[in-house]
Each structure stands twice: as structure tokens, then as C-alpha cells.
There are 2 protein chains.
Amino acid sequence: MIEVNIIGTGNVAWHLAKAFAAQNNAVVMQVAGRTVETLVAFEPLCHKTVTLDQLTPADVTIIAVNDDSISEVATAIPFENQLVVHTSGFTGMDVLGNVMVGGSALSRKHNTQKSKNRAGVFYPLQSFSKDDVSLDFSEIPIFIETEDEKDEKTLRTLAEIISNAVQSINSEQRRQLHLAAVFANNFTNHCYTLAEELCKTSDIPFEVLHALLKKTTQKAIENGPTKSQTGPAKRDDKRVIKAQQELLKDPMHKEIYTTITQAITDFYGKEL
Amino acid sequence: MIEVNIIGTGNVAWHLAKAFAAQNNAVVMQVAGRTVETLVAFEPLCHKTVTLDQLTPADVTIIAVNDDSISEVATAIPFENQLVVHTSGFTGMDVLGNVMVGGSALSRKHNTQKSKNRAGVFYPLQSFSKDDVSLDFSEIPIFIETEDEKDEKTLRTLAEIISNAVQSINSEQRRQLHLAAVFANNFTNHCYTLAEELCKTSDIPFEVLHALLKKTTQKAIENGPTKSQTGPAKRDDKRVIKAQQELLKDPMHKEIYTTITQAITDFYGKEL
């Protein structure tokens, strides 16, 4: 049985707590958050909800907060020599290092000795929404990294309790993977948004595109995206491209159309 | 029983012929193509394969060829006063109008009388690949348009034989819808391609993104893309954006990153 602490009450914290609570081989000991209100929902999923200064050690303490707050939270953890990991795709493992015990250096005049917990990363690659009840954690890849080799085994065991796709990668790979996820999720989703806007201007419900969305993703998964590319840019069909550019009234829509069309034309032009 | 002709031997022609052949209320009489080789595969799906000059009338003749060839093919159809439709999202219905009987004006010195078939559009909104055996036509929206009101009933009946989502729209709406599909399919697929490239540079298999791809599309369908947007651009997180721009080595990758990031920031900035 692996004992886990979770610091944070956002979407990642929520889905992690839910996933661990549904398993027999891990238990969430404490969830630490800033306010009673945000902690209430976590009560059924853990032994105890606490504020950060009350947190006591567990086998693994997971910091699931925004990138900007990781370092500050790590510094405020009131124990040392434990395995403490964050869940970020972007932030390096090093922000967890050289953590001062019990707060900032200034507040601890009587204990200037630098201490630290043992750092690690536990990055689940997914776009989390709190209301996503259908989320199946077993399908979500978890990328792990640890400072200390011995900790890798613990972290891997913990990750494998909830996921079928656990992999060790270094911070540089993780950062690149996170960037790839920005293209694969954030940017595709904005393309969907623009498609919805174009539908609206012609009084067409976005729903008519649903079958196309599903097929686009299915093909990219089954055959790879390169083989699945179609459309005027792929064919370098200048007549259609020109007509579509003229149809676009919003300058930002036009700029995106032109930039991605050029990118596609260049990409497949090189291949020909 | 509606009798159908199909002109063309590409992906759209193939999936239409297959879908009609699997039903009892429509029958593909003739498939017209340029070469015996391309027609062979269609033999089990229709009564007869022919060259265009041999084509005889049916209730509906569907021209399923590239945008650039529609007008030329329509002109070469050797009969008149029949319902002839094309399958393009981009091309107007008017290219089918004023069709000369039996070839170009020059080749028909002895028959200068203008004749025409009755024009229509039969646009199935999907990204078709010939090898896509899992394609379920019943889910694919078909958008119809006819010159003559009486023909709309025939075309709607035919479309409803294979699709559960048949809708009448005009050429302007169809053109806008086709443009929306470019964003929803072509551009998202290129974002997948770029994500794959970024994975490759770090020796990470693209497969690790599959769960994210599925979830992205599922959320856009269930909650709409606007509500589903996440990431540094949505949060206007300048620190992450700057770091990611620096990570991108390919100038085209960087340009796409910057353009879409700006678009997302503007889009949600306006909403705040």
C-alpha cells in the first residue's frame, strides 16, 4: 500500500485523488489546500484534508498546482527528506530542489541550514476538466522522473496503479512533449473554435461537423497524421485557397488560414 | 427504387457506390470512368461500368470528381433534361448550368442549340479515404441543393437512404461550411503532424498523444470547443509562451505557434 499526499485542489488534484481512491493499492492520506471550501469535495477521497503547514510525510507527496506556484509550495512543505513530486509538463524537476524547511529563509532565522526533499515528476499527459466524469485514468500516459534512482521504483509503482502507460523521461523530453501537447490539444481545439465561428456566420449548427471531427482524429490515430492530410493546401490548389482567403472577413482568421496553409504546402511540397 | 449514375472513380465515388450498394432503395446503374483499371473495383457495386460518352440517363447522376473537372465533365454528359448533381463543398451549383449537349461548342458545329441538365448539389461532409473500411455513411451529413424545387424531393429521398443527417443549404452556406471543414479537419490534422514532429525530435512515439487527441475531440463535441480551451495561450501565461517559443527551432513551427497563440489570447481576452 503506497501512501500519497496531494497538495492542490484543482483539476489534476481532483482526478488523481479520484483515481487513487478507486484503487486498493494506494491511499490518499492527506489533501492540502488553502480553503475549507475547495477541500470539501476531497473529503470522501482521502483520510484527512489539511492546510499545507499541517501536512505530514507520506511515501509520495504530489504537488498538483499551477506552474507558477510549484516552487513556493515546495518551499512551504513542513517536512524534509521525503519524495516530493510535481505534475507539470513544463516545469523542470529542479524547482523542487534546495527547499528550505518550513517557509522562506527570512522567516526562519533560527534554522538557516538548507534542507530539501527528494525531487521527482509525475506528469499525466491529458487535458483535465473537473466535470469530466468519463475520464479513464488507465489510458492516460504518466511520465515520471526522479532525482534519486531508488525513488523511481516507488513512483513507477504508484503510477502503474492508475495508468497502463507509465514511462520514464527526462525534463528536456517532457518539456518537448508538453509543447507537442499544446499543438495537439490547445491549437486543434482553437481550430475547432474557428470552425464553429464560421458555421455561426452562416447559421449552420457546429454539430454538423461532429462526424468530421471524430473521423479526423480516428484517422490520425490509425494511419498517422501525415498520411491523413487532405484539402486544398495539401493539393496546393491555388484557386480554392485564393477564394477561401477572400471569404474570410476576420483578419485573424485570414492570418491563421494563410499561415497554416503555407505550412502544409511547404511540408508536402518538400516531400514531393 | 431510385436509379443512380456515378461519374468518377475517386474516394467519394467509391464510398457513395458502396453505401448505395448496401441499401435496397437505391441502385447504382452505371459508374463512368476514364480507364478500365479504375472501373474494375466498381463492377461489384453497379449494373454496368462505362466511359462517359456511353452514359445513359438515371433518376440522379452524381458527378464525383475534382472541383476543376466538374464543369468539363458536366459538359461532356451525353444526355439532357436530367437531374445532374456534383458532390463538392466548394464549387457553386452554377457550373452545372448551361451545359452543351455532347461536348464542347467547337466540336458540335451542327448543334449550336444550348441545352442543359437540371443542376443540383449532393455534398457529403466528410474526409474520405479509399481504404477507410469503418466509414459509416449514416452518420455523415449530406447537404443538398437543387435548381428545380421538384428535384429537391428526389435528392432528399436519395440522400436519406444512406444518411441520417440530410439538410438543404444554399451555395453560399455550403462554401462557408466547406471552409469551416478546412479548419476542423485540414488544420487540426496539420497540428497533429507538427505534434508528431516535435515528439520525434525527442525520441518520443506519437502514440503517447493518442489519449489526448481522443479527449480533445470528445470534449469539443460534448461541451463545445470554446468551453474546452486550456493551455498557456488561454491563460495568457507569458512565461510559458516565451519559453515554448524559444524551444521551437523550425521557423515555420514558431510562426504557427505565435499566430495561434495570439489568436487564442485575443479570443479569450475579448471575453474576459
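About the criteria used
Residues numbered from 1 in each chain as written. Chains lettered and ligands numbered in written order. Predicted model: local features only at pLDDT ≥ 70, side-chain atom pairs only at ≥ 80, totals over all residues. Heavy atoms only, no water. Buried < 20%, exposed > 50% of the residue type's maximum accessible area, 1.4 Å probe, protein only. Helix = DSSP H or I, 4+ residues; strand = E, 2+ residues; numbered from the N terminus. Pairing = 2+ DSSP bridges. Axes fitted to C-alpha atoms, helices over the stretch in contact; angles between N-to-C directions. Contact = heavy atoms within 4.5 Å. Salt bridge = Lys/Arg side-chain N within 4 Å of Asp/Glu carboxyl O.

Undergrad: Can you walk me through the pairing of strand β6 (residues 118-124) of chain B in this structure?
TA: In regular strands, side chains alternate between the two faces of the sheet. Residue and element names in this part refer to chain B. With 6 of its 7 residues buried, β6 lies for the most part within the structure. Looking at chain direction, strand β5 (residues 83-86) and β6 are connected through 4 bridges and run parallel. Residue pairing in the sheet places Val-85 in a bridge with Gly-120 of β6. Bridge count between β6 and strand β7 (residues 142-146): 5 bridges; the pairing is antiparallel. Among the inter-strand pairings, Val-121 is bridged to a residue of β7, identified as Glu-145.

Undergrad: Honestly, the sheet that holds strand β3 (residues 48-50) of chain B in this entry has me stumped. Any pointers?
TA: Picture the strands of a sheet paired through backbone hydrogen bonds; they go either parallel or antiparallel. All names here are of chain B. Taken in spatial order, the 8 strands line up as β3-β2-β1-β4-β5-β6-β7-β8 in an open sheet, and their pairing is mixed. In this open sheet, the two strands that pair with only one neighbour each are β3 and β8 (166-168). Shown here is a sheet whose adjacent strand axes are inclined to one another by a mean of 25°, direction ignored. Strand contacts of helix α1 (residues 11-21): β1 (2-7), β2 (26-32), β4 (60-63) and β6, with the helix running at about 160° to β1, the strand carrying the most contacts. Along the sheet, helix α4 (residues 149-162) contacts β1, β2, β4, β5, β6, β7 and β8; its crossing angle with β7, the most-contacted strand, is approximately 165°.

Undergrad: Looking at this model, I keep getting lost on the pattern of salt bridges. Mind explaining?
TA: Side-chain pairs of opposite charge can arise where the charged atoms are in close proximity. Residue and element names in this part refer to chain A. In total, this model carries 18 salt bridges over all chains according to the counting rule given. Here Glu-246 and Lys-242 are joined by a salt bridge, their closest N and O atoms 3.2 Å apart. Of this pair, Glu-246 and Lys-242 both sit in helix α9 (residues 238-247), separated by 4 residues, roughly a single helical turn.

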